[in-house]
Structure formats: C-alpha cells, structure tokens
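Residue-level listing of the chains:
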Amino acid sequence: MEIDSLFANLALGFSVAITLQNLFWCLMGAIIGTAIGVLPGVGPVATMALLLPATYFLPAEGALIMLAGIYYGAQYGGSTTSILVNLPGEASSVVTCLDGYQMARQGRAGPALAIAAIGSFFAGCVSTVAIAVAAPPLTKLAQQFAPADYFSLMTLGLVFAVVLARGSVLKAFGMIFLGMLLGLVGTDVNTGNTRYTFDIGDLFDGIGFVPLVMGVFGIAEIMANLTDPERRDLVSSKVSGLMPTKEDLKRSIGPILRGTVLGGFLGILPGGGAVLASFSAYTLEKKLSRTPEKFGTGMIEGVAAPESANNAAAQTSFIPMLTLGIPSNAVMAMMIGGMMIHGIIPGPQVMEQKPGLFWGMIVSMWFGNLMLVVLNLPLIGIWVRMLLVPYRLLAVAILFFCCIGVYSLNNSANEVLIISVFGLVGYLFMKLDCEPAPLLMGFLLGPMMEVYMRRAMLLSRGDPWVFYDRWLSFSFLVIAAVLLLLVVLPNIRKTREAAFQE
C-alpha cells in the first residue's frame with residue numbers, strides 16, 4: 001500500500017515538474033548553478049542570497065525548483081574548473097583539484113570530466129530516490145513530535161552546527177548566539193511588546209531574512225573577492241577524448257558507490273553538507289587504496305569519490321528541510337527563506353498542504369541532474385572562458401541588481417542601507433575568521449526554538465521537566481550534551497582543528 005502511495009505521489013510530482021514553466025526554471029537553476037560553480041568566489045549561498053528577491057515574483061514551485069537547481073548545479077560546475085584550471089569554483093570541489101588537475105596535465109582531462117559527470121549524475125539520482133523513500137515516514141514521525149521534541153531537536157541542530165563549523169568552537173558559539181539575538185529583534189508575538197528595536201520603525205517587524213543573507217553572504221563575498229589579487233590564467237580550454245577507458249570505469253565504480261553512500265549520510269547531518277562529504281570521501285579512498293602515495297598524482301578515484309559525495313550530500317540535505325522544517329546548512333536555510341517569502345511554513349505539514357510543491361521539487365531533481373549532464377560536457381569551453389571576465393566588472397553588475405532586488409521587495413531604501421551594514425559586518429566576520437553559516441542557523445532556529453519552548457512550558461503549566469519526560473526530547477538533549485562534551489575535550493578538539501586545517 002505504501003509503495004502504491006509513493007508511486008501516486010511521484011506521479012503527482014511528475015505532473016508538476018514536467019510543465020514547461022517548471023522545466024524552464026529547472027533549466028535556469030541548472031545553468032546559473034553551473035556558472036556560479038565555475039566562477040571562483042561566487043558560491044551557491046551568495047548567489048541564492050542575491051536571487052531571493054527575484055523569487056518573490058515567481059510561483060512557489062518554480063522558485064524552489066530554481067533555487068534547488070542552483071545548489072546541486074554548483075557542485076557540477078565546480079568540478080570543471082578544478083580539473084581544467086586547478087581553480088575550484090566551489091568549496092566542495094577543492095579536493096577535486098588534487099587529482100583532477102594532474103589528470104588534465106597528463107592529457108586526460110576528458111576522462112576526468114566524464115567520470116566527474118557520471119559520478120555526480122549517479123549520486124544525484126540515487127539521493128533523489130532516497131529523498132522520495134525517506135520523506136513520507138520521516139514526515140509521519142515529525143507529525144508525532146510535541147513542542148518539547150521540536151525544541152530539543154533544534155538544540156541538537158545548533159550543536160551540530162557548532163561541531164561541524166570550521167575554525168574555533170568558541171567563535172561558532174558566538175555566531176549562533178548573535179544569530180539568535182538578531183532573530184529576536186521585533187515584536188513579541190505573545191505580548192505585543194517590541195524587543196531590541198531602539199524605537200526604529202523598520203525594525204518593529206524584525207530584521208528581514210533577505211537583507212540579512214544578502215548582506216552577510218552576498219555583499220561580503222563580493223567585497224572579499226575584490227580584495228583578492230589572485231590571477232585567473234587559463235591553462236587549457238580544449239578537451240578531447242571524453243570517453244573514459246574500461247579500466248577507468250572499473251576503478252571508479254567502487255569510489256562512486258562509496259562516495260554516494262557517505263555523502264548521502266553526511267548531507268543529512270546539520271552543519272555537514274557537500275564540503276565535508278567531498279573531503280571525507282577523498283580521505284576514505286586514500287585509506288582504502290593499496291597505493292595511497294599515488295593520490296595527488298592523477299588517480300581517477302580522487303575525482304570519482306569526492307564528486308559523487310558532494311552531489312549526494314547536496315541532495316540529501318533536503319531531507320531534514322522538507323520533512324522537519326530544519327535547515328542542515330546555510331543553503332537549506334536559504335530554501336526555507338524562499339518558502340517563507342511565499343507564505344509557506346516549512347515543516348511536516350508541507351507534504352499534506354502543498355503535495356504538488358513537495359513532490360514536484362523532488363521529481364525536478366531528476367530532470368535537473370539530466371540537464372546538467374547534457375549541458376556540462378558540450379559547454380566546457382564556454383564555462384572555462386567565463387573565467388576571463390574581470391571580476392571587477394561582474395561585481396558592479398551583481399551589486400547593481402542586488403540593490404534593485406532588495407529595494408523592490410518593500411520599496412524601501414532603508415533595506416538597501418541594511419544590506420550595506422550587514423555586508424560590512426559579514427566582511428568583518430571573514431577577516432576575523434568567523435564562519436557566517438552558524439549565524440544564519442541561529443537566526444532561523446532561534447525564534448522557532450522560542451516559540452516551541454513557550455508552547456511546551458504552557459502545556460506543562462511551567463514544568464521544565466517536560467523536556468526530559470518525553471523520551472524523544474530527552475534523547476535529542478543527551479546526544480547534544482555528549483557532542484558538546486566531546487568537542488571540548490582537548491584531544492578531540494585538537495583532532496578536529498587538525499582535520500579542518502588539512
């Protein structure tokens with residue numbers, strides 16, 4: 001019966017995804033994602049932040065399908081310049097440079113690109129199946145959650161964000177705390193009193209999600225790139241002989257399978273995502289290899305595993321966002337922001353209230369992965385030529401459209417001022433080596449945690465033991481406490497810092 005229901009839901013999703021309008025937005029997401037994956041320094045987080053105002057004028061299905069396409073499209077695009085130019089356009093493609101570029105120098109760029117595309121396509125398709133299979137039971141489980149369970153789950157999510165954040169644990173804590181404070185600015189929904197507004201009228205409704213992310217991620221990223229003197233010299237723009245040999249395929253099957261499984265698992269974890277997955281998959285293959293010393297000299301396993309892992313992680317990170325309404329990374333926080341712009345409250349109720357949107361977005365991922373394979377290999381020359389465009393020209397155009405987009409949301413010049421302020425703040429965070437992703441997690445989850453905590457306390461008549469009486473809530477809190485204890489232990493903290501440094 002459940003299989004019949006799954007096929008019925010997929011048929012509904014297919015009917016939504018196959019419309020010309022949604023196919024167009026899926027294609028646009030794939031093209032934009034590939035382009036920003038190719039361009040160094042313009043990652044999916046910054047791009048989605050800058051494009052959020054534009055989604056306000058799109059149908060909800062088209063907007064979310066396009067934003068999703070940008071994310072997994074960026075994983076494809078990043079591999080192209082990593083292999084050809086030794087310049088990762090995306091953070092998750094950094095590790096692909098190690099062996100991919102060496103293969104290109106040996107005249108084997110074609111097989112490297114083909115294996116990267118095959119691994120990405122396979123991982124994307126398998127992960128989409130995993131989403132379709134896992135979503136219904138997880139949604140049913142989430143519907144049984146009480147307010148106390150949700151509060152504890154979000155606490156665990158924030159702890160994961162601290163553990164998996166790059167750099168200092170103390171800085172990650174500080175960023176989450178700052179994000180939660182920013183999320184509390186505005187009018188208290190229960191009492192009607194204003195909080196932290198300083199009698200500024202524009203803050204009575206709180207700090208807008210779009211100005212915050214556009215400033216901290218988009219504007220700050222542009223400022224950082226403009227101060228980076230790194231040159232972009234083309235090494236190779238011609239690729240011949242795309243077909244990998246039988247030996248290449250044989251050596252790639254295991255890494256692709258292992259990378260898909262590992263990436264699929266790590267993508268679900270809060271704070272994990274594609275970057276952690278690609279590095280972990282590369283490390284695993286190096287450990288399993290009989291010739292680990294050859295990694296970094298042009299081993300095809302060093303291309304197949306991380307490229308499969310980062311695409312698998314990019315897609316399975318949608319699972320907690322779609323079923324629980326909890327973002328597992330900064331990109332999923334953008335997706336939640338896109339849903340909120342269209343008046344959709346993220347969580348388990350989306351599957352029942354908006355089944356067409358829910359399943360349409362899942363099915364569109366299959367079409368998106370197919371489009372990316374068809375687009376990427378024939379257009380390699382165009383993608384690499386994009387690197388010749390001076391970034392100072394791109395930056396001016398991006399800033400211009402960014403200001404127009406944020407102004408058009410509420411016809412407010414103050415919003416443009418707000419993104420400028422947050423842009424300076426975000427740039428300061430970068431200089432202080434404070435990762436901004438935990439801030440965004442705190443900004444989104446902080447107000448939600450407050451709501452669920454108040455509901456739990458109201459239902460229990462002020463008894464704080466409600467968070468420990470329910471076994472689910474208690475389990476989440478125990479896991480969070482254990483993770484915190486582990487990460488502050490000296491040996492584990494040093495190992496963690498060494499891993500991130502590597």
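Look above for the structure.
Summarised in this report is the structure supplied together with it. Quick caveat, the model's predicted, so the values are computed rather than measured.

**Thoughts on the side chain of E285**
Along the chain, E285 turns up in helix α11 (residues 274–288). Contacts of E285, omitting those with residues within four sequence positions, involve P255, R258, F295, E301 and A305.

**Observations regarding the nonpolar core**
Within the largest apolar cluster, 79 residues are counted, with the highest numbers of intra-cluster contacts made by L212, F217, F318, M321, M334, M335 and L440. Per element, the largest residue contribution to this core is twelve residues, and it comes from helix α4 (residues 60–85). Other than its neighbours up to four places away in sequence, M321 contacts I326, M332, M335, I336, M339 and M361. Among the nonpolar cores identified, the runner-up in size contains 40 residues, and L153, F160, M448 and A480 belong to it.

**Brief notes about unusual backbone geometry**
Residues other than glycine seldom take positive phi values, yet Y196 does so here, at roughly 55°. Along the polypeptide, Y196 turns up in the loop between β2 (194–195) and α9 (209–226).

**Digging into the pattern of salt bridges**
Should their charged atoms come close, side chains of opposite charge can pair. Per the counting criterion, the structure on display carries five salt bridges. A salt bridge links E301 to R251; its shortest N-O distance comes to 3.0 Å. With E301 in helix α12 (residues 301–316) and R251 in helix α10 (residues 246–268), this residue pair connects regions lying 50 residues apart in the sequence. Given the relative accessible area of 28%, R251 is considered partly exposed. Of the charged contacts, one joins E450 and R454 as a salt bridge, the two residues approaching to 3.6 Å between their closest N and O atoms. With E450 and R454 both in helix α20 (residues 437–459) and four residues apart, this pair spans about one turn of that helix.

Conventions we followed
Residues numbered from 1 in each chain as written. Predicted model: local features only at pLDDT ≥ 70, side-chain atom pairs only at ≥ 80, totals over all residues. Heavy atoms only, no water. Helix = DSSP H or I, 4+ residues; strand = E, 2+ residues; numbered from the N terminus. Contact = heavy atoms within 4.5 Å. Core = buried A, V, L, I, M, F, W, Y, C linked by side-chain atoms within 4.5 Å. Buried < 20%, exposed > 50% of the residue type's maximum accessible area, 1.4 Å probe, protein only. Salt bridge = Lys/Arg side-chain N within 4 Å of Asp/Glu carboxyl O.

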